[in-house]
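# Structural description and commentary
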Amino acid sequence: MTEAILLVGGKGTRLRPLTVHTPKPMVPAAGVPFLTHQLARAKAAGVEHIVLATSYLAEVFEPYFGDGSSLGLHIEYVTEAEPLGTGGAIRNVASRLHSAPDDPVLIFNGDILTGLDIPALVATHQSSGADVSLHLTRVADPRAYGLVPTDASGRVQAFLEKPQTPEEIVTDQINAGAYVFRRSVIDTIPVGRPVSVERETFPDLLSSGAHLQGMVDSTYWLDLGTPQAFVRGSADLVLGRAPSPAVPGPCGDRLVLPTATVAPDAKLTGGTVVGEDAVIGSGVRISGSTVLAGAVVDPGAVITDSLIGARAQVGTRSVLTGVVVGDGATVGSDNELREGVRVWCDAVLPAGAVRFSSDQ
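Below or above, wherever it landed, is the structure these notes cover. In this text, all values refer to a predicted model and were calculated from it rather than measured experimentally. (Residues numbered from 1 in each chain as written. Predicted model: local features only at pLDDT ≥ 70, side-chain atom pairs only at ≥ 80, totals over all residues. Heavy atoms only, no water.)

### A look at helix α1 (residues 34-44)
Along α1, 9 of the 11 residues are buried, which leaves the element largely enclosed by surrounding structure. Within α1 the residues assigned to the buried category are Phe-34, Leu-35, Thr-36, His-37, Gln-38, Leu-39, Ala-40, Arg-41 and Ala-42. Within two residues after α1, Gly-46 carries a phi angle of roughly 105°, on the positive side. (Buried < 20%, exposed > 50% of the residue type's maximum accessible area, 1.4 Å probe, protein only. Helix = DSSP H or I, 4+ residues; strand = E, 2+ residues; numbered from the N terminus.)

So, in structure tokens, the structure goes:
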């Protein structure tokens, strides 16, 4: 297997305001755009040619990655005029593939952080003679996912949408968002209209008698669809819990990019990332968080499990826990922001505007 398709066209609506100006795969995780980690892992697995299926803010990708040579890859870009869904996006880039009809093509979603053993998935695909092979993972609570039961040999039996009752939970195996397609199967996907690979392509293949194989790999897996998950994924990359050859520094409690400025008495822990040209003031405590390029955290602020956008500012003594601050926003001094708060891009919160405790 030497070819792959990356599906990077989604709008990332659940991640807003992180994705107002930046497509989800280009939001920095552990110091580099998240997509960099996926590309590096594909390269490490032997992939040479990758086609990016783009749509939302498509113009951002190529200026950053170019032809992929800096990563040892050949990257091409295909932009959808209208969103085509996962299956439609795969079909839309098929003309750029060079594989023979029976060759395996790796496909994965641009918002999954995983330690998947890619060569093992390809080996399973080839040894089983499958038309499509799916990475499956086990989760404690599968109600938010599509279930994929398999028989004793790993052959897929059904695709069950999000279960609503306990009786419908027949397995804890879910679709983990990485696939190997036989090249010829891609050409059976309808052209020029939205197609969901999960809701249409896979069930239709199964009903037509195609061989779909599941491989359960329960190494690290995280859907980065929410701000809280994205922040956790970045921290896990820095801490070494999630594997990636693209982390720009040694694993540990903190990752500070070279042009950042951090006060000597600031305390950074829990996989915190400080981006280029960011400034961290005296007495600041940051845990498990990401501070993007050019952001400023003023003295005495305390930030936990949060993401501070590019060029944003967090004022003196402000306390943020589980918060997203959009690009260019200002959180004035002495604010207290708790779980789930999203401060929009370029918004300004005056000093002491939001609190959960007395100001005395």
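Still more ground to cover, so stick around.
### A closer look at the layout of surface pockets
Considering only enclosed or pocket space, the largest pocket measures out at about 1300 Å³ in volume. Along the wall of the largest pocket there are 45 residues; nearest its centre are Arg-14, Thr-86, Asn-109, Asp-111 and Glu-198. Going through the elements one at a time, α3 (85-92), β9 (173-182), α6 (197-207) and β11 (221-223) are the ones with two or more residues in the lining of the largest pocket. Class assignment of the residues belonging to the lining of the largest pocket gives a composition of 21 nonpolar, 14 polar and 10 charged. The space that makes up the second largest pocket amounts to roughly 460 Å³. In this structure, the second largest pocket is lined by 22 residues; those nearest its centre are Met-26, Pro-28, Pro-33, Leu-292 and Ala-293. Breaking the lining of the second largest pocket down by element, the ones donating at least two residues are β3 (32-33) and β18 (290-291). A class-by-class count of the residues in the lining of the second largest pocket yields 14 nonpolar, 5 polar and 3 charged. (1 Å grid on protein atoms, 1.4 Å probe; cavity = no way out; pocket = protein on both sides within 12 Å on 5 of 7 lines; lining within 4 Å. Points joined across faces, edges and corners; volume = space filled by probe spheres on them. Nonpolar A, V, L, I, M, F, W, Y, C, P; charged D, E, K, R; others polar.)

### Brief notes about unusual backbone geometry
Here the bond from Arg-16 into Pro-17 is cis, since omega is 15°, no more than 30 degrees from zero. Note that Pro-17 resides in the loop between β1 (3-7) and β2 (28-29). Residue Asp-305 is not a glycine yet carries a positive backbone phi of 50°. Among the structural elements, Asp-305 can be located in the loop between β20 (302-304) and β21 (307-308). Looking at Asp-305, the relative accessible area reads 43%, which means it is partly exposed. In this model, Arg-317 sits at a positive phi of 65°, which is unusual for a non-glycine residue. One can find Arg-317 in the loop between β22 (313-314) and β23 (319-321).

### What to know about the pairing of strand β8 (residues 132-138)
Across the 7 residues of β8, 6 count as buried, placing the element largely inside the fold. Across 6 bridges, the pairing between β8 and β9 is antiparallel. The residue of β9 that forms the bridge with Leu-136 is Asn-175. Where β8 and strand β10 (residues 212-216) come together, 5 bridges link them in parallel fashion. Looking at β10, one finds that Ser-133 is bridged to Gln-213. (Pairing = 2+ DSSP bridges.)

### Looking at the pattern of salt bridges
As enumerated under the stated definition, the model contains 11 salt bridges in all. Close ionic contact of Glu-200 with Arg-193 constitutes a salt bridge, the shortest N to O distance being 2.6 Å. Taking relative accessible area as the criterion, Glu-200 reaches 23% and is therefore assigned partly exposed. Three or more residues are tied together by salt bridges with common partners; here these are Asp-102, Asp-131 and Arg-182. (Salt bridge = Lys/Arg side-chain N within 4 Å of Asp/Glu carboxyl O.)

### Details of empty space enclosed by the protein
Per the stated rule, a full pass over the model turns up 2 cavities of 30 Å³ or more. Approximately 150 Å³ is the volume attributed to the largest cavity. In terms of lining, the largest cavity is formed by 16 residues, of which the most central are Gln-38, Arg-41, Phe-108, Ile-112 and Thr-114. Those elements that place two or more of their residues in the lining of the largest cavity are α1, β6 (104-109), β7 (112-114) and β9.

### With respect to the sheet that holds β10
The strand order β5-β4-β1-β6-β9-β8-β10 describes an open sheet built from 7 strands, whose pairing is mixed. Two strands lie at the open edges of the sheet, namely β5 (74-79) and β10, each paired on one side alone. Here the average twist between neighbouring strands, direction ignored, is 25°. Sheet contacts for α1: β1, β4 (49-54), β5 and β6; angle to β4, the most-contacted strand, approximately 150°. Sitting on the sheet, α3 touches β1, β4, β5 and β6, and the angle it makes with β1 is about 140°. (Axes fitted to C-alpha atoms, helices over the stretch in contact; angles between N-to-C directions. Contact = heavy atoms within 4.5 Å.)

### A word on the environment of Ser-153
Positionally, Ser-153 belongs in the loop between β8 and β9. Relative accessible area serves as the criterion here: at 52%, Ser-153 is assigned to the exposed category. Sequence separation between Ser-153 and Thr-79 is 74 residues, and the spatial gap between their C-alpha atoms is 38 Å. In terms of polar contacts, Ser-153 uses its side chain to reach the side chain of Asp-151, at 2.7 Å. (Polar contact = N/O pair within 3.5 Å; in protein donor to acceptor, adjacent residues only side chain to side chain.)

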